[in-house]
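# Report on the structure
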Amino acid sequence: MTARRLSLIGVAAAGALLLAGCARAAAPTSDPSTSATAEPTGTLTISAAASLSAAFDEIAQSFHEQYPGVQVLPISYDGSSTLATQIIGGAPVDVFASADENNMNKVVDAGLAQDPQVFATNTLVIAVPAGNPAGIESLADLAKPGATVVLCAPEVPCGAASQKLLSAAGVSVTPVSQEQNVTAVLTKVAAGEADAGLVYATDVKGRDDVDSLTPEGAGSVVNRYPIVALTDAPDAAAAAAFVAYVRDERGQQILAAHGFGAP
């Protein structure tokens, strides 16, 4: 074989290798549609403080409209201490929203959640039946002889905050009952079963069956509301998406409309 022919064969072989390399480089490595982040799907179980009921019902509906692939089950509302006990006891929960950091810390310390984030704040008011028949005007009036007062139990966030507020004012109150969530306190006041009760400012917003007044010192007793996706949440992506939604612009707008303060 001549040297010229060998040279031509070499050039041809090099050209074939170059073309093959270009073809491989031009071929897409993956389908772009599969690399996009998939929207969350699944079923979401949420436990939330009783004071969040109106706001979270609206947030859950708005969240579902944005993520129709996620079914949000009816939210379980109760006192944060009760919910924390249920979760630690094994209740299947994806997301927990507490009315205080103390009860959230119980769940974290049990190894069931990490890095909760505060998403809202709240303060206390004195709630009285419409028309304020007992003439309650201050925290001191709650201690007057004959005054009937309903408070949250001390282990419940609204109860702990109530005790802090009363203690700072130097007022000692013997309640006629201590309730396991703030909704129960407000229900008794609205029904006229008590002259007054301490509840959150958000609880009386938009109500016409109760009146309310902001007691002195209320601004220094602020409840911080944390939220977290449980570590073993079956639908982890959906749980994380809901937590993000609550803390994002739309969730914050809804919370503000219901009277909650910013984190």
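My aim in this report is to walk through the structure given alongside it, one point at a time. (Residues numbered from 1 in each chain as written. Predicted model: local features only at pLDDT ≥ 70, side-chain atom pairs only at ≥ 80, totals over all residues. Heavy atoms only, no water.)

Moving on: the sheet that holds strand β11 (residues 210-213). Within the open sheet, the five strands sit side by side as β9-β8-β10-β7-β11. Their pairing is mixed. With partners counted over all chains shown, the strands left at the sheet margins are β9 (177-179) and β11, one partner each. Recorded for the sheet is a direction-independent mean angle of 35° between the axes of neighbouring strands. Here three bridges tie strand β8 (residues 149-152) to β9, and the two strands are oriented parallel to one another. Across the sheet, L151 pairs through a bridge with Q178, a residue of β9. (Pairing = 2+ DSSP bridges. Helix = DSSP H or I, 4+ residues; strand = E, 2+ residues; numbered from the N terminus. Axes fitted to C-alpha atoms, helices over the stretch in contact; angles between N-to-C directions.)

This next bit is on the packing of aromatic side chains. Going through the model one piece at a time under the given rule, you end up with eight aromatic pairs. A centroid spacing of 5.5 Å and a plane angle of 80° characterise the contact between Y225 and F260, whose relative ring orientation is edge-to-face. In this pair, Y225 sits in strand β12 (residues 223-229) while F260 sits in the segment after α10 (249-257), placing the two residues 35 residues apart along the sequence. We classify F260 as buried; its relative accessible area is 6%. By the ring-pair criterion, three or more aromatic residues cluster together here, those being F56, F63, Y67, F119, Y200, Y225, F242, Y245 and F260. (Phe/Tyr/Trp six-rings, centres within 6.5 Å; stacked < 30°, edge-to-face > 60°. Buried < 20%, exposed > 50% of the residue type's maximum accessible area, 1.4 Å probe, protein only.)

Most of strand β7 (residues 124-129) is tucked away, with six of its six residues classed as buried. Neither face of β7 is left uncovered, since the one carrying L124, I126 and V128 and the one carrying V125, A127 and P129 both have all their residues buried. Examined bridge by bridge, β7 and strand β10 (residues 196-200) share four bridges and lie antiparallel to one another. Its bridge partner being in β10, A127 is matched across the sheet by G197. Bridge count for β7 against β11 is four bridges, and the pairing is antiparallel. Along β11, the bridge assignment pairs V128 with D211.

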